[in-house]
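# Examining the three-dimensional arrangement
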Amino acid sequence: MNFQDGSLFPENQDKLVITVAPYGPEWMPADFPEDIPLTMDEQVQKAVDCHNAGATVLHLHVRELDGHGSKRLSKFNELIAGIRARVPELIIQVGGSISFAPEGDGEAAKWLSDDTRHMLAELQPRPDQVTIAINSNQMNVVEQMTEADIAGTSLAEPAMYRAYREMTIPAGPEWVEEHIRRLSAKGIQTHFQLANITQLETVERMMRRGVCNVPLILTWVAIGGGFDAPNLYNLANFVRAVPDGAVLTLETSMLNVLPLNMMAIAMGLHVRCGIEDNIWTQDRKAKLGSVKQIEQLVRISREFGREVADAAEARRIYRIGEFYKNADETLAKNGFAPNRRHGQRGFLQHA
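When two helices pack together, you describe them by how their axes are tilted relative to each other and by the distance separating the axes. Axis separation between helix α1 (residues 40–53) and helix α2 (residues 73–86) bottoms out at 9 Å; the angle between their running directions is 45°. The orientation of α1 with respect to α2, classified from their angle, is oblique. When you trace α1 past α2, the crossing you get is right-handed. For the pair formed by α1 and α2, the contact residues are Met 40, Gln 43, Val 44, Gln 45, Ala 47 and Val 48 on the first element and Lys 75, Glu 78, Leu 79, Gly 82, Ile 83 and Arg 86 on the second. Looking at the contact of α1 with α2, its residues break down into six nonpolar, three polar and three charged.

With that out of the way, let us pick up the packing of α1 against helix α10 (residues 290–304). At their nearest, the axes of α1 and α10 sit 9 Å apart, and the two run at 15° to each other. It follows that α1 is roughly parallel to α10 by the angle criterion. The element α1 and its partner α10 pack so that their crossing is right-handed. Across the interface between the two elements, Asp 49, Cys 50 and Ala 53 of α1 pack against Ser 290, Val 291, Ile 294, Glu 295 and Val 298 of α10. Residue composition of the contact of α1 with α10, grouped by class: five nonpolar, one polar and two charged.

Here we come to the layout of surface pockets. What the largest pocket holds in volume is close to 410 Å³. If you go around the largest pocket, you meet 17 residues; those closest to its centre are Met 1, Asp 14, Asp 244, Met 267 and Gly 268. Along the lines of polarity and charge, the residues of the lining of the largest pocket split into seven nonpolar, seven polar and three charged.

In this section: the nonpolar core. One finds Ile 18, Leu 60, Ile 83, Phe 192, Leu 218 and Leu 248 to be the most contacted residues of the largest nonpolar core, which totals 95 residues. Ranked by residues supplied to this core, first place goes to α1 with six residues. Once residues within four sequence positions are removed from consideration, Ile 18 is found in contact with Gly 54, Ala 55, Thr 56, Val 57, Val 271, Cys 273, Ile 294, Leu 297, Val 298 and Val 308. With nine residues, the next largest nonpolar core counts Ile 91, Val 247, Ala 309 and Ala 314 among its residues.

Right, let's talk about the side chain of Thr 56 for a bit. Here Thr 56 shows up in the loop between α1 and β2 (57–60). Residues within four places of Thr 56 in sequence aside, it is in contact with Val 17, Ile 18, Leu 90, Ile 91, Ala 309, Asp 310, Ala 311 and Ala 314.

With parallel pairing, the eight strands of this closed barrel are ordered in space as β1-β2-β3-β4-β7-β8-β9-β10. Here the strands of the sheet are splayed against their neighbours by 25° on average, with no regard to which way each runs. The sheet contact formed by strand β1 (residues 18–20) and strand β10 (residues 270–273) spans three bridges and is parallel. Residue pairing for β10: Ile 18 is matched across the bridge by Val 271. Against the sheet, helix α6 (residues 173–185) touches β4 (129–133) and β7 (189–194), its axis set at about 175° to β4. The strands that helix α7 (residues 197–209) touches are β7 and β8 (217–221); relative to β7, the one it contacts most, it runs at about 150°.

In this section: the confidence of the model for the protein. Per-residue confidence for the protein gives a mean pLDDT of 93, with 94% of residues at or over 70. Taken together, the stretch residues 98–112 has pLDDT below 50 and engages in 45 contacts with residues farther than four places along the chain or on a different chain.

For the rest of this paragraph, the subject is the pattern of salt bridges. In this structure the tally under the stated criterion is 20 salt bridges. For Arg 84, the salt bridge goes to Asp 128, with nearest N and O atoms at 3.0 Å. In this pair, Arg 84 is assigned in helix α2 and Asp 128 in the loop between α3 (114–118) and β4, connecting sequence segments 44 residues apart.

Another point: a nonpolar patch on the surface. Together, Phe 3, Leu 8 and Phe 9 line one region of the surface with nonpolar side chains, adding up to about 320 Å² of accessible area. Take Phe 3: it is sitting in the segment before β1.

Before going further, it helps to spend a moment on the side chain of His 191. Along the chain, the position of His 191 falls in strand β7. Since its relative accessible area comes to 0%, His 191 is described here as buried. A distance of 2.7 Å separates polar atoms of two side chains, one belonging to His 191 and the other to Thr 219. Setting aside chain neighbours within four positions, we find His 191 in contact with Gln 93, Gln 129, Val 130, Thr 131, Ile 132, Ile 217, Leu 218, Thr 219 and Tyr 318.

What counts, and where the lines are drawn
- Residue positions are counted from 1 within each chain, in the order its sequence is given.
- The predicted origin of the model limits local features to residues at a pLDDT of at least 70 and limits the giving and counting of side-chain atom pairs to 80 or more, whereas totals for whole chains, interfaces and linings rest on all residues.
- For the side-chain quantities, the full set of heavy atoms in the structure was used; hydrogens and water were omitted.
- Between N-to-C directions, angles span 0 to 180 degrees; the directions come from axes that are lines fitted to C-alpha atoms, helices contributing only their stretch in contact.
- Numbering of helices and strands starts at the N terminus; helices are DSSP runs of H or I of at least 4 residues and strands are runs of E of at least 2.
- Roughly parallel covers angles under 35 degrees, roughly antiparallel covers those over 145, roughly perpendicular covers 65 to 115, and oblique covers all other angles.
- In this scheme the crossing of two helices becomes right-handed for a clockwise turn of the near helix relative to the far one and left-handed for an anticlockwise turn of less than a right angle.
- Whether two residues are in contact is decided by their heavy atoms, any of which lying within 4.5 Å being enough.
- Three residue categories are used. Nonpolar comprises Ala, Val, Leu, Ile, Met, Phe, Trp, Tyr, Cys and Pro, charged comprises Asp, Glu, Lys and Arg, and polar comprises the others, including Gly.
- Grid points spaced at 1 Å over the protein atoms alone were grouped into cavities, where a 1.4 Å probe fits but cannot get out, and pockets, open sets with protein on both sides within 12 Å along at least five of seven lines, with lining residues defined by an atom within 4 Å of a point.
- Grid points are joined across faces, edges and corners, and a volume is the space filled by probe spheres set on the points.
- In this text, buried Ala, Val, Leu, Ile, Met, Phe, Trp, Tyr and Cys residues form a nonpolar core when linked through side-chain atoms within 4.5 Å.
- Think of it in three bands: residues with accessible area under 20% of the maximum for their type are buried, residues over 50% are exposed, and the middle band is partly exposed, with areas taken using a 1.4 Å probe on protein chains only.
- Strands are labelled as partners when DSSP assigns at least two bridges between them.
- How sure the predictor is of each residue is captured by pLDDT, a score from 0 to 100.
- A carboxyl oxygen of Asp or Glu within 4 Å of a side-chain nitrogen of Lys or Arg is what we treat as a salt bridge.
- Nonpolar side chains (Val, Leu, Ile, Met, Phe, Trp, Tyr) are joined into patches within 5 Å and like charges within 9 Å, using only residues with over 30% relative accessible area and no salt bridge.
- The Shrake-Rupley method, run with a 1.4 Å probe sphere, supplies the accessible areas, and residue values consider only the shown protein chains as cover.
- A 3.5 Å cut-off defines polar contacts: any pair of N or O atoms within that distance qualifies, except that in protein one atom must be a possible hydrogen donor and the other a possible acceptor, and neighbouring residues in sequence count only when both atoms are side-chain atoms.

Structure follows, in structure tokens:
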């Protein structure tokens, strides 16, 4: 991304798109009962409350009544339908590459089988986005958490801690290409959740080969444990590699969330918050629910002079419903240099 003179002026930036992840599948209800919805009505209402606070993208997981993460597509369908009826304009983003919640206490966090993960393309009503991981990778989500982060929560239990420490991402090239194909065929946008620059390079290569003809809407997930750490050097390196036509959101965990989101707001990038990422105030004296986190970011963004996108504006920024016919169009729309033509020498440039 280019940062020319004036790039930090709010009048030269898109309005802020706030993604919220309010369902917190790694936590059990007793960890934060005031903010973890259980019934279907409560889960729908949580989406409505987050939308009313200023979030325009909802990262969706579903719970069963016993508090565990649901593996049933019927429950996903029910929640999506309920949210569509209440806030039809909200961008619904299903967490599609992994099922974070363990089936029972002490069980390893379970990944959906490949066939079942492909079935996310069959959700009805269809979501706007499904997230996707690129390249099989370790995802130790507790590696950079401190004792204070998990004290008094279910993650402090040795079996639960180990389950999330040992979590891995199965996202090989054959599965990824097929998943993107199926999602695109159903009009569902792929949202790339990327751990580092090497995964971004894989996405670029797929686009250059014409097997990934979609907008580059992506999140840099800086949570450590096989993913980048949320420091300035990693961030700058990743941002510099992202082409100008992409839409980039920053994501991290625990007390890193607010500082990283402030960087995103200042730079014209986009933000993610919610109890899936953090449950604490910065002084750890209290827990901070998803709605309060959204309200905090809305206030800070307006202090920067950057307005927050409404749902219609977020859909335009995210290019919801947009797909491309071939590699040439995909590269041009996303701001990559074109593919080299046969016999072409020298530097590549856009027309």
